[in-house]
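One-letter residues, chain by chain:
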Amino acid sequence: MIYYLNIGSNLDDREGNLWAADLRLSLDLGLVTARSTIVESEPWGFESDNGFLNMGIAVESRFSPIEALNIIHDIEHELNHGHSHRDADGNYVDRLVDIDIMAIDDLVIDLPNLQVPHRHLPRRDFFLRPMAELAPEWQHPVLHLTAKQMLDVLDRE
């Protein structure tokens, strides 16, 4: 399976944090087959003075989606030194590393702890730009739009 992941960071050495997550994913999850350019974005869903750097990667992996999610959560936990990307009330906060599954091949998964494609994929510029680079031909299995087409819709809104 090909996992399309987005790595984000808005604290400390943001670019170094992206590459640390990339390395751990290549060691623990599978073969990184492609990387997008790094994009800068404003925080999404919360207020912060710290902008994000985001990078998309494609990972070829033998792990099931739930196994992959658990591996990703373990990597996030370790790289964030045990801190969560949410506060006690469930609101987003600044973070060293955040790793999201944007898509897995053309799978559709709707579980309480895993939605694939990512439920916010069509609304997040910092997901769509890297995704368009990683997999220009990939189509959202429900919306039947490429990342570039979703980005065009987002730009018009």
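Values in this document were obtained by computation on a predicted structure and should not be read as measured data. (Residues numbered from 1 in each chain as written. Predicted model: local features only at pLDDT ≥ 70, side-chain atom pairs only at ≥ 80, totals over all residues. Heavy atoms only, no water.)

**Description of helix α2 (residues 65–79)**
A turn of α-helix holds 3.6 residues, and therefore any two residues three or four places apart point the same way.
(1) Moving on: The terminal C-alpha atoms of α2, which comprises 15 residues, lie 21 Å apart, in line with the 21 Å expected from a rise of 1.5 Å per residue.
(2) Moving on: Along α2, the residues that are buried comprise P65, A68, L69, I71, I72, I75, E76 and L79. Buried residues of α2, seen end-on, are gathered within an arc of 165° and therefore sit on one face of the element.
(3) Moving on: Packing partners of the buried residues in α2 comprise β1 (2–9), α1 (14–28), β5 (98–104), β6 (109–111) and β7 (114–116).
(4) Moving on: With its phi angle positive at about 55°, H81 sits one or two positions after the end of α2. (Helix = DSSP H or I, 4+ residues; strand = E, 2+ residues; numbered from the N terminus. Expected span 1.5 Å × (residues − 1). Buried < 20%, exposed > 50% of the residue type's maximum accessible area, 1.4 Å probe, protein only. Arc of directions from axis to C-beta. Contact = heavy atoms within 4.5 Å.)

**A few points about the packing of α1 against α2**
(1) Moving on: Where α1 contacts α2, the axes come no closer than 10 Å and their chain directions differ by 140°. The pairing of α1 with α2 is recorded here as oblique in orientation. With respect to the hand of their crossing, α1 and α2 are arranged in right-handed fashion. In this structure, α1 contributes A20, A21, R24, L25 and D28 to the contact, and α2 contributes I71, I72, I75, E78 and L79.
(2) Moving on: Split into classes, the residues belonging to the contact of α1 with α2 amount to seven nonpolar, no polar and three charged. (Axes fitted to C-alpha atoms, helices over the stretch in contact; angles between N-to-C directions. Parallel < 35°, antiparallel > 145°, perpendicular 65-115°, else oblique. Left-handed = near helix turned anticlockwise from the far one by under 90°. Nonpolar A, V, L, I, M, F, W, Y, C, P; charged D, E, K, R; others polar.)

**Points about the packing of aromatic side chains**
(1) Moving on: Counted under the stated rule, the structure contains three aromatic pairs.
(2) Moving on: Measuring from centroid to centroid gives 6.2 Å for F46 and F52, while their planes differ by 90°, and the two rings are edge-to-face.
(3) Moving on: For the pair F126 and F127, a centre-to-centre distance of 5.2 Å together with 70° between the ring planes defines the contact as edge-to-face.
(4) Moving on: Exposure remark for F126: the relative accessible area of 11% places this residue in the buried category.
(5) Moving on: Three or more aromatic residues joined by ring pairs form one cluster here, namely F46, F52 and Y92. (Phe/Tyr/Trp six-rings, centres within 6.5 Å; stacked < 30°, edge-to-face > 60°.)

**Focus on the layout of surface pockets**
(1) Moving on: Its boundaries defined by the atoms lining it, the largest pocket holds a volume of some 600 Å³.
(2) Moving on: Contributing to the lining of the largest pocket are 31 residues, with H85, R86, Y92, D100 and H118 lying nearest its centre.
(3) Moving on: Contributions of two or more residues to the lining of the largest pocket are made by β1, β4 (52–60), α2, β5 and β7.
(4) Moving on: Looking at side-chain class alone, the lining of the largest pocket contains 13 nonpolar, ten polar and eight charged residues. (1 Å grid on protein atoms, 1.4 Å probe; cavity = no way out; pocket = protein on both sides within 12 Å on 5 of 7 lines; lining within 4 Å. Points joined across faces, edges and corners; volume = space filled by probe spheres on them.)

**Notes on the pairing of β4**
Regular strands show a simple pattern: their side chains alternate between the two faces of the sheet.
(1) Moving on: Among the nine residues that make up β4, eight are buried, leaving the element largely enclosed by the rest of the structure.
(2) Moving on: Across eight bridges, the pairing between β1 and β4 is antiparallel. Considered in β4, the bridge of I2 is made with E60.
(3) Moving on: In the sheet, strand β3 (residues 39–41) pairs with β4 via three bridges, with the strands oriented antiparallel. Bridge pairing in β4 places S41 opposite F52. (Pairing = 2+ DSSP bridges.)

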